[in-house]
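# Structural features, examined
Okay, here's what each chain looks like letter by letter:
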Amino acid sequence: SLRRMALEAAKLFGRTAQHPGKRERDSRHPRRSGVGVEHLRRVQQKDGGVGTWIETTRHPRPEDGLPSDEKLVYSVSCATRASSMEYAAYASLLAVALKKAGADAQAALFRDSAKLAWDFAMNPENRCVRVYQYYQKTIFYREPKNLPAELVVKAAANLATLYGDSSYVEAAQECENEAR
């Protein structure tokens, strides 16, 4: 039902959708900015890339206090084509749900953010290649050439629905053919 979908979207969107009259919390701290994909939208790069792994230097200890008094510094992983497509898939799904629930402003926010992530992920030049130093060892990372087909299909279906543009589905079919 539409009501159930609206409630699910509100859960995904986070506290600001559930309590629109309340002030937004500090966006510099992912744990304070809500739940769902909102924290990932907030760390989206200007070029559309989204890192989806958020970490801190250690696990919280009792002397660190309550989560509302967070003292640890958080970092987000580098944006890869795959992580950005994963974000595009779920942010666009949330946008579809929010639109159906009548939350047009929030739907547009996630729709546009998902499109930016899609554009980043679909550009082969954004393939992540990194060299890391870990203790005394050098570690090389090269992102796979092909995007995960299931994420491309999810994002394409949602973006095609949101924008009324079949080119997303055509791009997903091309990705699937390249992966074979």
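This section reports on the structure supplied with the text. Everything numeric in this text was worked out from a predicted model, so none of it was measured.

## Regarding the overall build of the protein
When helices and strands are tallied, the protein shows seven helices and four strands. Traced from its N-terminal end to its C-terminal end, the protein shows the element sequence α-α-α-β-β-α-α-β-β-α-α. In the protein, buried positions account for 34% of the 180 residues. Residue pairs at least 24 apart in sequence account for 63% of intrachain contacts in the protein once pairs closer than 6 positions are excluded. Counting only carbon and sulfur atoms, one obtains 53% of the accessible surface of the protein, whose full area is about 11400 Å².

## Re the packing of helix H4 (residues 81-100) against helix H6 (residues 149-163)
Where H4 contacts H6, the two axes come as close as 8 Å, and the packing angle between them is 35 degrees. With respect to the hand of their crossing, H4 and H6 are arranged in left-handed fashion. Note on element contacts: H6 touches H4 through Leu151, Val152, Lys154, Ala155, Asn158, Leu159 and Leu162, opposite Ala82, Met85, Glu86, Ala88, Ala89, Tyr90, Ser92, Leu93, Ala95, Val96 and Lys99. Of the residues in the contact of H4 with H6, the class split is 13 nonpolar, two polar and three charged.

## Notes on the pattern of salt bridges
For the structure shown, the criterion picks out five salt bridges. For Arg111, the salt bridge goes to Asp112, with nearest N and O atoms at 2.9 Å. Residues joined by salt bridges that share partners form a network here, namely Glu38, Arg41 and Arg42.

## Some words on the side chain of Arg81
Tracing the backbone shows Arg81 in helix H4. The buried charged residue Arg81 lacks any salt bridge, with Glu143 as its nearest oppositely charged partner at 5.5 Å. Polar contacts involving the side chain of Arg81 include one to the main-chain carbonyl oxygen of Lys145, which spans 3.0 Å. Other than its neighbours up to four places away in sequence, Arg81 contacts Phe120, Ala121, Met122, Asn123, Pro124, Asn126, Arg127, Glu143, Lys145 and Leu147.

## Overview of the pairing of strand E4 (residues 137-142)
Of all six residues that make up E4, zero are buried, and the element is exposed over most of its length. Pairing analysis gives six bridges linking strand E3 (residues 129-134) to E4, with the strands arranged antiparallel. Residue Val131 lies in a different strand from E4, and its bridge partner there is Phe140. In textbook terms, the turn of a hairpin is the stretch between consecutive antiparallel strands, and for E3 and E4 this stretch comprises two residues, one of which, Tyr135, has a positive phi near 55 degrees.

## Brief notes about the packing of H6 against helix H7 (residues 167-179)
Here H6 crosses H7 at 165 degrees, and the two axes come no closer than 8 Å. When the axis of H6 is compared with that of H7, the two are roughly antiparallel. The chirality of how H6 crosses H7 is left-handed. On the side of H6, the interface is formed by Val152, Val153, Ala156, Leu159, Ala160 and Tyr163, while H7 contributes Tyr168, Val169, Ala172 and Cys175. In terms of residue class, the contact of H6 with H7 is made up of 10 nonpolar, no polar and no charged.

## Brief notes about the state of the cysteines
By the definition in use, this model includes zero disulfides. Cysteine Cys78 remains unbridged, with the sulfur of Cys128 as its closest cysteine sulfur at 3.6 Å.

Calculation rules
Residues numbered from 1 in each chain as written. Predicted model: local features only at pLDDT ≥ 70, side-chain atom pairs only at ≥ 80, totals over all residues. Heavy atoms only, no water. Helix = DSSP H or I, 4+ residues; strand = E, 2+ residues; numbered from the N terminus. Buried < 20%, exposed > 50% of the residue type's maximum accessible area, 1.4 Å probe, protein only. Contact = heavy atoms within 4.5 Å. Areas by Shrake-Rupley, 256 points an atom, 1.4 Å probe, with all protein chains shown as cover. Axes fitted to C-alpha atoms, helices over the stretch in contact; angles between N-to-C directions. Left-handed = near helix turned anticlockwise from the far one by under 90°. Nonpolar A, V, L, I, M, F, W, Y, C, P; charged D, E, K, R; others polar. Salt bridge = Lys/Arg side-chain N within 4 Å of Asp/Glu carboxyl O. Lys, Arg positive; Asp, Glu negative; His and termini not counted. Polar contact = N/O pair within 3.5 Å; in protein donor to acceptor, adjacent residues only side chain to side chain. Pairing = 2+ DSSP bridges. Parallel < 35°, antiparallel > 145°, perpendicular 65-115°, else oblique. Disulfide = S-S within 2.5 Å.

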